[in-house]
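# Structure at a glance
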Amino acid sequence: MPEALQSEEAGADGRGDGGAAARRPLLEVRDLQVSYGGIAAVRGISLEVAAGEMVCLIGANGAGKTTTLKALARLLPARGAIDYRGESLLQRAPHELIGAGLALVPEGRGVFARLSVAENLAMGAYCRRDRDGIAADLEHIHALLPRLKERAGQLAGTLSGGEQQMLALGRALMSRPQLLLLDEPSMGLAPIMVQRVFEVIRRVAAEGVTILLVEQNARLALSVAARGYVMESGAITLAGEAAALLADPKVREAYLGE
Amino acid sequence: MDTFIQQIINGLVLGSIYALVALGYTLVYGILGLINFAHGEVVMIGALSALTVIKLLAGSGLPGIAVVAIGVLVAVPLCMALGYGIERVAYRPLRQAPRLAPLITAIGMSIVLQQLAMIFWGRNYHSFPPILPETGREIGDAYISDLQIAILLLAAAIMAGLMLLINRTRLGRAMRATAENPQIAGLMGVNINAIISATFLIGSALAAVAGVMVSANYSIAHYQMGFILGLKAFTAAVLGGIGNVPGAMLGGLLLGLIESLGAGYIGDLTGGFLGSHYQDVFAFFVLILVLVFRPSGLMGEKVAERA
């Protein structure tokens, strides 16, 4: 996966232009349906994420955003089609995804509280065998998130919420992902921490990592992403360029509190 | 005073055996949240299978220590295969079932293994052939045999090795991550089923060694020996804090000491009314006390998880 972390050539706005503009999207979801015991939580949504792009999925609490991400990461059974790098993910087990370059930063961070910060980062590189590459990525992540270096020996459970979010991000980056799925990275964080977390997300995107961002904070999500999908009651009701969505009266009223 | 030192020595030997068995309970509980009640039977099969090999080779002219070592080397892989099989047959199909279901299959598995052992090895007690040197040394008025020293050293080495495995290796890290959150560990690429199998393999290997230690130390093995031993080791695991690895080691040693000192003094304390054959009472008395006053055990849950 050469276009991951080290690559600096992708566009700063998150839209990597490797030249082949018309190639298939990195992630292609068609008619995805997920239900919990007969109740449909996601009702046939379709979306696409191109390589190098940052796309956000916004919507109210309970719209089905997290369910969508969990289905993509194969944590929930789903129907429809999930094509990643032109291959179906539906038959894959969750633990096979990270090796294929797909990493999820789950809602609520999901750091291993009883493991140290350094061990959490090492878990991110669990599937990798390239010692030199891992060491280089660790150094890179320490530069990006210096707090993690200072706290390397500390148990992750003793970190603040914002630091845990940084750790969850850093851990996912240790897998050298091609596609990063971020679930509500702003959740439960103080405003200043939210700003810092999103600054890091912006930089990761600028390094060429493709990102699908799920976020309740629509203004924030649309300010970093290139495109967005609006989700409501398990369906996608609007889609388009982030700037267009930010200007859309319906979005402004429903999600931006205006 | 001589009784005291002697009972401390006996207690440490017994306790280190409990600790090895307790580790099997605690490792599995840590990962699956399940009490593997068939674990005591793995210890028993380890003891009896090793003893079978040892008896076969006893007259071969090999030195006693080599014979016992061969017995251990046969029992360990056999028990590992057994532990792996128990998980595949009795627990894995019930991974999504209510918690009571695998508890029942655990008890069922325990009964099945005990009966199979009875059919194969008979109802009689099997005595350990006198092939080990019966030397020892005096410590004041107390006595420690070379066998006891060997048990203590081997148990200490195994536990140190296990701590290294768990705290310093990729497998150990994955085991700890899985114990904390299997779903997230899966997202990191950890194959949860492989980790669970590894846990059963490790626990069963420890059980096999412990089985040989028990039969060598008490010169006896029996198809029912796993039951009480398993319950006591389970008690030790609960005492230390079930799911906590150093806790199981501490709990094992403490329980061994409590039992040994209790047995040594119960006669004096009750004016001869109760004798040392009440030894077993102590373990279960401890279990009740822990469950009532400190259900999380001595070392359970020390990290507070923040939001």
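## Considering the overall build of chain A
Secondary structure assignment for chain A yields nine helices and 10 strands. In terms of C-alpha radius of gyration, chain A reaches 17 Å, essentially the compact-globule figure of 18 Å for 258 residues. Relative to its 258 residues, chain A shows a buried fraction of 56%. Per element, the accessible surface of chain A, about 10,700 Å² overall, is 51% carbon and sulfur. For chain A, the distance from the average position of its 28 positive side-chain charges to the average position of its 30 negative side-chain charges is 4 Å.

## Here's the deal with the overall build of chain B
Helices and strands together make up the secondary structure of chain B, namely 11 helices and four strands. Since a compact globule built from 307 residues should have a radius of gyration of about 19 Å, the 19 Å found for chain B is in line with a globular shape. Considered along the principal axes of its C-alpha atoms, chain B spans approximately 55 × 45 × 35 Å. Relative to its 307 residues, chain B shows a buried fraction of 50%. In chain B, once contacts between residues fewer than 6 apart in sequence are set aside, the share between residues at least 24 apart is 77%.

## Re the confidence of the model for chain A
Confidence in the prediction for chain A averages 90 pLDDT; 91% of positions are at 70 or higher. Low confidence marks residues 1-21 of chain A, where pLDDT is under 50. Its contacts with residues over four positions away, or in another chain, come to 41 contacts.

## Some remarks on the environment of A:L145
Residue and element names in this part refer to chain A. Along the chain, L145 turns up in the loop between α3 (131-144) and α4 (146-150). Taking relative accessible area as the criterion, L145 reaches 4% and is therefore assigned buried. When the C-alpha positions of L145 and S88 are compared, they lie 34 Å apart, and in sequence the two are 57 residues distant. Residue contacts for L145: discarding those within four places in its chain leaves M166, G170 and V200.

## Some words on the pattern of salt bridges
When charged atoms on two side chains of opposite charge get close, those side chains can pair. Residue and element names in this part refer to chain A. Within this structure, the stated rule accounts for 20 salt bridges over all chains. Between D130 and R128 there is a salt bridge, and its shortest N-O distance comes to 3.0 Å. Judged by relative accessible area, which is 13%, R128 ranks as buried. Among the salt bridges present, the one from R176 reaches D137, with a minimum N-O distance of 2.9 Å. Of this pair, R176 sits in the loop between α5 (161-173) and β7 (179-183) while D137 is found in helix α3, placing the two residues 39 residues apart along the sequence. Taken together, the shared-partner salt bridges in this structure form one network comprising R24, E28, R30 and D83.

## Side note on helix α2 (residues 39-57) of chain B
If you check α2(B), its first and last C-alpha atoms are 27 Å apart, about what 19 residues at 1.5 Å a residue would give, namely 27 Å. Of all 19 residues in α2(B), 15 are buried, a share of seventy percent or more.

## Thoughts on the sheet that holds strand β8 (residues 210-215) of chain A
Residue and element names in this part refer to chain A. Here six strands make up an open sheet; going across it, the order is β6-β7-β8-β3-β9-β10 and the pairing mixed. Sheet topology places β6 (102-105) and β10 (235-241) at the edges, where each strand pairs with a single neighbour. When strand polarity is set aside, the average angle formed by the axes of neighbouring strands in this sheet is 15°. In terms of strand pairing, strand β3 (residues 54-59) meets strand β9 (residues 227-232) through five bridges, oriented parallel. Residue pairing for β9: G59 is matched across the bridge by M231. Sitting on the sheet, helix α6 (residues 191-206) is in contact with β3, β7 and β8, with an inclination near 155° to β8.

## A closer look at the packing of aromatic side chains
Enumeration over the complete set of coordinates arrives at four aromatic pairs over all chains. The interplanar angle of 40° and the centroid separation of 5.9 Å between the aromatic rings of B:Y91 and B:F200 together place this pair among those described as tilted. Note that B:Y91 is positioned in helix α3 (residues 64-91) and B:F200 in helix α8 (residues 192-218), a separation of 109 residues in sequence. Across the pair, exposure class does not vary: B:Y91 and B:F200 are buried alike. Every member of this aromatic cluster is reached through a ring pair, and the members are B:Y25, B:F37 and B:F234. Between the NZ or CZ atom of B:R170 and the centre of the ring of A:Y126, over which it lies, the distance is 4.0 Å.

## Side note on the interface of chain B and chain A
Residue-level contacts link 24 residues of chain B with 29 residues of chain A. Carbon and sulfur atoms supply 58% of the area that chain B and chain A bury against each other, a total of about 2,500 Å² over both sides. The largest contributions to the chain B side of the interface with chain A come from B:R170, B:L187 and B:M188, which together make up 29% of the buried area. For the pair chain B and chain A, the number of links is one salt bridge. Across the pair A:E119 and B:R176 runs a salt bridge, and its minimum N-O distance is 2.7 Å. The interface formed by chain B and chain A includes four residue pairs in polar contact (both at pLDDT 80 or more). Contributing elements (two or more residues each) for the side of chain B that touches chain A: α6 (170-180) and α7 (182-187) of chain B.

## As for the sheet that holds strand β2 (residues 39-49) of chain A
Across a sheet, paired strands are connected by hydrogen bonds in the backbone, their directions being either parallel or antiparallel. Residues and elements named next belong to chain A. Spatial strand order, β2-β1-β4-β5: four strands in an open sheet with antiparallel pairing. The sheet is open, and its two edges are formed by β2 and β5 (87-88), each paired on a single side. As defined by bridge partners, strand β1 (residues 27-36) adjoins strand β4 (residues 79-84) across five bridges and the pair is classed as antiparallel. Each residue of the ladder has a partner; that of V29, found in β4, is I82. In the packing of helix α1 (residues 65-72) onto the sheet, contacts are made with β1, β2 and β4, and the angle to β1 comes to roughly 115°.

## A look at α6(B)
Every buried residue belonging to α6(B) is among B:G172, B:A174, B:M175, B:R176, B:A177, B:T178 and B:E180, and all of these are buried. Contacts made by the buried residues of α6(B) are with α2 (117-124) of chain A together with α1 (2-32), α5 (146-168), α7 and α8 of chain B.

## Brief notes about the side chain of B:S16
Relative to the elements of secondary structure, B:S16 occurs in helix α1. If sequence neighbours within four positions are ignored, B:S16 has contacts with B:I151, B:L152, B:A155, B:M159 and B:L253.

## As for the nonpolar core
With 124 residues, the main nonpolar core has A:L27, A:L32, A:L47, A:M123 and A:L212 as its most contacted residues. Of all the elements, α8(B) adds the most residues to this core, at 15 residues. Residue contacts for A:L27: discarding those within four places in its chain leaves A:L47, A:E48, A:V49, A:L72, A:I82, A:D83, A:Y84, A:L179 and A:L212. Of all hydrophobic cores here, the second largest spans 51 residues; its members include A:L148, A:I211, A:L222 and A:L238.

So, how was this worked out
Residues numbered from 1 in each chain as written. Chains lettered and ligands numbered in written order. Predicted model: local features only at pLDDT ≥ 70, side-chain atom pairs only at ≥ 80, totals over all residues. Heavy atoms only, no water. Helix = DSSP H or I, 4+ residues; strand = E, 2+ residues; numbered from the N terminus. Rg over C-alpha atoms; globule rule 2.2 N^0.38 Å. Buried < 20%, exposed > 50% of the residue type's maximum accessible area, 1.4 Å probe, protein only. Areas by Shrake-Rupley, 256 points an atom, 1.4 Å probe, with all protein chains shown as cover. Lys, Arg positive; Asp, Glu negative; His and termini not counted. Charge placed at Lys NZ, Arg CZ, Asp CG, Glu CD. Contact = heavy atoms within 4.5 Å. pLDDT = per-residue confidence, 0-100. Salt bridge = Lys/Arg side-chain N within 4 Å of Asp/Glu carboxyl O. Expected span 1.5 Å × (residues − 1). Pairing = 2+ DSSP bridges. Axes fitted to C-alpha atoms, helices over the stretch in contact; angles between N-to-C directions. Phe/Tyr/Trp six-rings, centres within 6.5 Å; stacked < 30°, edge-to-face > 60°. Lys NZ or Arg CZ within 6 Å of the ring centre and 35° of its normal. Buried area = accessible area lost by both parts, 1.4 Å probe. Polar contact = N/O pair within 3.5 Å; in protein donor to acceptor, adjacent residues only side chain to side chain. Core = buried A, V, L, I, M, F, W, Y, C linked by side-chain atoms within 4.5 Å.

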